[in-house]
Amino acid sequence: MTIFTLQGVQKHFGVKPVLNNASFSLDQNDKIGLIGTNGSGKSTLLKIIAGLEHADAGQRLVNPGVRMVYLPQEPQLAEDLTVLEQVFAANPALGLLQEYEQLSEQLALGEDVLTRLSQIAQQLDESGAWDLETNAKIVLSKLGIEDIHARVGSLSGGYRKRIALAVALLAQPDVLLMDEPTNHLDALAVEWLQEYLNRFRGALLLITHDRYFLDQVTTRILEIDRGDLYSYQGNYSYYLEKKALAEESSLSSQRKHQGLLRRELDWLSRGPQARSTKQKARIQRAHELQDKEFKEVQGRVAIDTPTRRIGNKVIELTAVSKSYGDRVLIKNFTHLFGPDDRVGIIGSNGMGKTTLMDIIIGRIPPDSGLVDIGSTIHFGYFDQHSDALLENLDPNQRVIDYLKEEGEFVATRDGIRISAAQMLERFLFYGPQQYVPIQKLSGGEKRRLFLLRVLMSAPNVLILDEPTNDLDVQTLSVLEEYLEQFTGAVLVVSHDRYFLDRTVETILALEGGGEVRAYTGNYAQYLAHRPASNAPTKSPSAKSTPTASPTATIVARTRKLTNKEKREFATLESKIAQLELQKTQAEQALQANLDFNESQKLYDQLAKLTQTIETTTERWLELAEFDS
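Because the structure is a prediction, the values reported are computed rather than measured.

**Brief notes about the overall build of the protein**
Part 1 of the argument: Counting its secondary structure elements, the protein contains 21 helices and 20 strands.
Part 2 of the argument: Looking at the protein as a whole, 46% of its 628 residues qualify as buried.
Part 3 of the argument: A separation of at least 24 residues holds for 68% of the contacts in the protein among residues at least 6 apart in sequence.
Part 4 of the argument: Accessible surface, the protein: about 30800 Å² in total, of which carbon and sulfur atoms supply 49%.

In C-alpha cells:
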C-alpha cells in the first residue's frame, strides 16, 4: 500500500533551487534514509511531506486515514508538563491512564467517582493501554530519561529531543518522519533505537548522519543533489557502491563527449560546405554537442588548512578530579597525551565528557590535580554548542566577514596562499552564498562554517566535541580523511560509532563514579574487549531486550497468558527453529552461488528471514515473561 506520493514538487528559497520536480512514493514497509549535503533541502522535504511546509509547485498525495508523526530537530514541548505528562498528553490511550490514576486518588479520599473509574477501566482493557504505560516507561528509560516527573521546561535541549523521540515512538503511527533522531543519544541508546526501528512495522523516512545506523535500519536511500532527487534501492553500503559506479560512468561519458566535441569542432573549423543533407546533420550535431551540459559530480568539501609545529610535550593530566556536589564526574585521573594521539572519549550522557574537555583547555579548573599543557600547543575546539555561539553574533554578519575575522589569507600545508573566499568554496560555500547573513544558513551549514574557522586557526591539538551532530555524511567522510593526515593530536568526544572507528586509536571511557579507563584501539575494538560489567545485557538471540522496570515486573507477576496466547507460545519455539534452519540453508546457498541476480535474491531472502527471526524471538520472550 502506498502511504503518500510526491509528484513534480518544486521548492525555491530566493534564487536557490531546493527541489526540482521531485517525485517519489513511500510504501507501508519502506525504511528510507534521506541524505545530502547540509543546506540541500533534506529538512525542507521532510516538512513538505509532513504538511508543515508548502511546495511552490507539484502535488502531495496522502492516503486517507494514514497516521503520520514528524520528529523535528528542535521539537516544541509543553514546558509546564512533567516528562510523563508530556508522553500521556501526546497519546489518548495513555491519557486515559493518567485520568485513571487521578480518579483512583480521588476514590481513596472518599469521592464518588466509582462509575467513571469503572468506565475508564473498561476502556483501558479494550485498548490494551495497561501495557502502553509499561512500554512508555521502558522506552523513556532506554533513551536515558530517568526522572519522569521533572518539568520539561527545566531540561536541556538534548533532553527534550529525547522526550520528543519517545513521544514519536510511542504514538505507534503508520509512518515516522524523523530528522536526526540519533542526535543527543549515547551509543547504547542509538543501538537500542536501531533495533526498535528494525522491529517497527510502519514506514520510516529519516535523516541521520550516523552511517552505521543508516546501514542497519534503511532498505532504500534517497539523495538530494542540487535540487534533484535520486533513489537507490538498498542500504547505505549499497548506495555508496552504486554512487561510485554512477559517478565513474558520468565522468566516462563526459570524457567521451569532450573527445567527440573536439573532433566535431575541428571538422567545423576546416570550413565544411553545407551542401549535403549529411553535412547539415553533422553541423547540427556539433552544435548540439556544444549545447549539451553535464551535471558535475556532486561537490565535496575539500579540507586543506594551515598547520603549525607541535612539540613532544602536549597534555599531561595528573590526579585530576572534578565533582559537582555529591556527583563525582572525574576521580584521580592521570593520562599523558602524545603529539600523534588519536583519542576517542565516550560515556553515557552526563558522565562528564565535555567537562573533561573543558578542564583540558582551561575553561574550568579541576577540583584537584594538575593540568600541564606544552608551550607550543594551540588548541582548536569544535564545540558541540557552536551553533549557539554563531547565533550570538550579529545576525546580519555575512559569512565571508565572519571567516575573515580569522584571516584574509591562509597558507596551506603545501605552502599555497589562498583567500578566505577560496577556503569557503572548498567548504561548498559558493559565490553568492558567501555574502548571505549567517542567520540564513541551516544548522548544518553553520556547523560546517564554524569547523572551517576552527581549522583555519592552524591548531596542533584538535578537540572535536560531538562533531557529527548536524554535519552531513559527505562532510564527515572528508573530515575523516583530513584527520588521517592531520599533523597533531586529536581528541574526539562522540557517540558516532562509525566516526570513532575511522578516526581514533585509543578510547577513554567514562564509566561512572569518576572512573576513566583507557582502552587501546577504536570503538569496535573497545566493544570487543571492555569488561562484561560494562556491556549491555543481551538476550539469548543476541538482541538487546528492555530491562524490566518496577512497573513491568508487577505486570509480569500478575498478568497471565490468555488461551490464545498459550497456543501461540506453544508454536513459537518450533517456528524459530524452522526459521533458523531456512536461514542456514540460505547462507550456504549464498556461499555456493556466483550468479549476481541469484545472489541478490538470496541477500533479500536472508534479510527477511533475519527480521522475521528477530520479531518472532522478541514475541517468544515477551510471552515467556507471563508463562507460569
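And the narrative resumes.
**Looking at the sheet that holds strand 13 (residues 368-373)**
Part 1 of the argument: Here three strands make up an open sheet; going across it, the order is 11-10-13 and the pairing antiparallel. Sheet topology places strand 11 (327-337) and strand 13 at the edges, where each strand pairs with a single neighbour. Taking each pair of neighbouring strands and ignoring which way they run, the sheet shows an average axis angle of 20°.
Part 2 of the argument: Here strand 10 (residues 315-324) runs beside strand 11; their pairing, made up of seven bridges, is antiparallel. Looking at the pairing, Leu317 lines up with His335 of strand 11.

**Re the pairing of strand 10**
Part 1 of the argument: In sequence, strand 10 turns back onto strand 11 through a hairpin of two residues, with Gly325 there showing a positive phi of about 65°.
Part 2 of the argument: In terms of strand pairing, strand 10 meets strand 13 through five bridges, oriented antiparallel. Within strand 13, the residue paired with Leu317 across the bridge is Val371.

**Examining the sheet that holds strand 7 (residues 203-207)**
Part 1 of the argument: Ordered by their spatial adjacency, six strands build an open sheet running 5-6-7-3-8-9, and the pairing between neighbours is mixed. Unpaired on one side and paired on the other, strand 5 (68-71) and strand 9 (228-232) mark the two borders of the sheet. Each neighbouring strand pair of the sheet contributes to a mean axis angle of 15°, computed without reference to strand direction.
Part 2 of the argument: Against the sheet, helix 1 (residues 42-50) makes contact with strand 3 (31-35), strand 5, strand 6 (175-179), strand 7, strand 8 (220-225) and strand 9, and its axis sits at roughly 150° relative to strand 6, the strand it touches most.

**Considerations on unusual backbone geometry**
Excluding glycine, most residues fall at negative phi; most peptide bonds, likewise, are trans.
Part 1 of the argument: In this structure, Asn21 takes a positive phi of about 50° despite not being glycine.
Part 2 of the argument: Mapped onto the fold, Asn21 is located in strand 2 (residues 16-27).
Part 3 of the argument: Located in the positive-phi region is Ala458, a residue other than glycine, with phi close to 55°.
Part 4 of the argument: Here Ala458 is to be found in the loop between helix 15 (443-456) and strand 17 (461-465).

**Describing the environment of Asn29**
Part 1 of the argument: In this fold, Asn29 is placed in the loop between strand 2 and strand 3.
Part 2 of the argument: Put simply, Asn29 and Ile3 are 26 residues apart on the chain and 9.5 Å apart in space, counted from C-alpha to C-alpha.

**Focus on the side chain of Asp501**
Part 1 of the argument: Structurally, the position occupied by Asp501 is in helix 17 (residues 497-503).
Part 2 of the argument: Only 2.8 Å separates the side chain of Asp501 from the side chain of Tyr212, close enough to count as a polar contact.
Part 3 of the argument: Here Asp501 is in contact with Tyr212, Asn522, Tyr523 and Ala524, once residues within four sequence places are set aside.

**As for helix 6 (residues 157-170)**
Part 1 of the argument: With 14 residues, helix 6 extends 20 Å from end C-alpha to end C-alpha; this agrees with the ideal 20 Å at 1.5 Å per step.
Part 2 of the argument: Summarising burial for helix 6: 13 of the 14 residues are buried, a large majority.
Part 3 of the argument: One or two steps after helix 6, the chain reaches Gln172, where phi turns positive at roughly 50°.

**Description of the packing of aromatic side chains**
Part 1 of the argument: The tally for this structure, following the rule as stated, stands at nine aromatic pairs.
Part 2 of the argument: Here the basic side chain of Arg448 rests over the ring of Phe429, its NZ or CZ set 5.0 Å away from the ring centre.

**Overview of the side chain of Thr503**
Part 1 of the argument: One can find Thr503 in helix 17.
Part 2 of the argument: Residue classification places Thr503 among the buried positions, given a relative accessible area of 8%.
Part 3 of the argument: Of note is the side chain of Thr503, whose polar atom sits 2.7 Å from the backbone oxygen of Phe499.

**Observations regarding the nonpolar core**
Part 1 of the argument: If you look at the biggest cluster of nonpolar residues, it comprises 45 residues, and the most contacted ones within it are Ile163, Leu169, Met178 and Leu197.
Part 2 of the argument: For this core, the secondary-structure elements that each account for two or more residues are helix 2 (83-89), helix 5 (129-142), helix 6, strand 6, helix 7 (187-199), strand 7, helix 8 (211-217) and helix 9 (236-269).
Part 3 of the argument: If you look at the next biggest cluster of nonpolar residues, it comprises 41 residues, including Val410, Ile438, Met456 and Tyr523.

**Notes on helix 1**
Part 1 of the argument: For helix 1, the full list of buried residues reads Lys42, Thr44, Leu45, Leu46, Ile48 and Ile49.
Part 2 of the argument: Of the residues flanking the end of helix 1, it is Gly51, one or two places downstream, whose phi is positive at about 85°.

**Structural notes on the confidence of the model for the protein**
Do not read the fine detail of predicted coordinates wherever pLDDT is low.
Part 1 of the argument: The predicted model of the protein has a mean per-residue pLDDT of 79, with 78% of residues at 70 or higher.
Part 2 of the argument: Long-range and interchain partners of residues 535-558, a stretch whose pLDDT sits below 50, account for 35 contacts in this model, where long-range means more than four residues apart.

Rules and cut-offs
Residues numbered from 1 in each chain as written. Predicted model: local features only at pLDDT ≥ 70, side-chain atom pairs only at ≥ 80, totals over all residues. Heavy atoms only, no water. Helix = DSSP H or I, 4+ residues; strand = E, 2+ residues; numbered from the N terminus. Buried < 20%, exposed > 50% of the residue type's maximum accessible area, 1.4 Å probe, protein only. Contact = heavy atoms within 4.5 Å. Areas by Shrake-Rupley, 256 points an atom, 1.4 Å probe, with all protein chains shown as cover. Pairing = 2+ DSSP bridges. Axes fitted to C-alpha atoms, helices over the stretch in contact; angles between N-to-C directions. Polar contact = N/O pair within 3.5 Å; in protein donor to acceptor, adjacent residues only side chain to side chain. Expected span 1.5 Å × (residues − 1). Phe/Tyr/Trp six-rings, centres within 6.5 Å; stacked < 30°, edge-to-face > 60°. Lys NZ or Arg CZ within 6 Å of the ring centre and 35° of its normal. Core = buried A, V, L, I, M, F, W, Y, C linked by side-chain atoms within 4.5 Å. pLDDT = per-residue confidence, 0-100.

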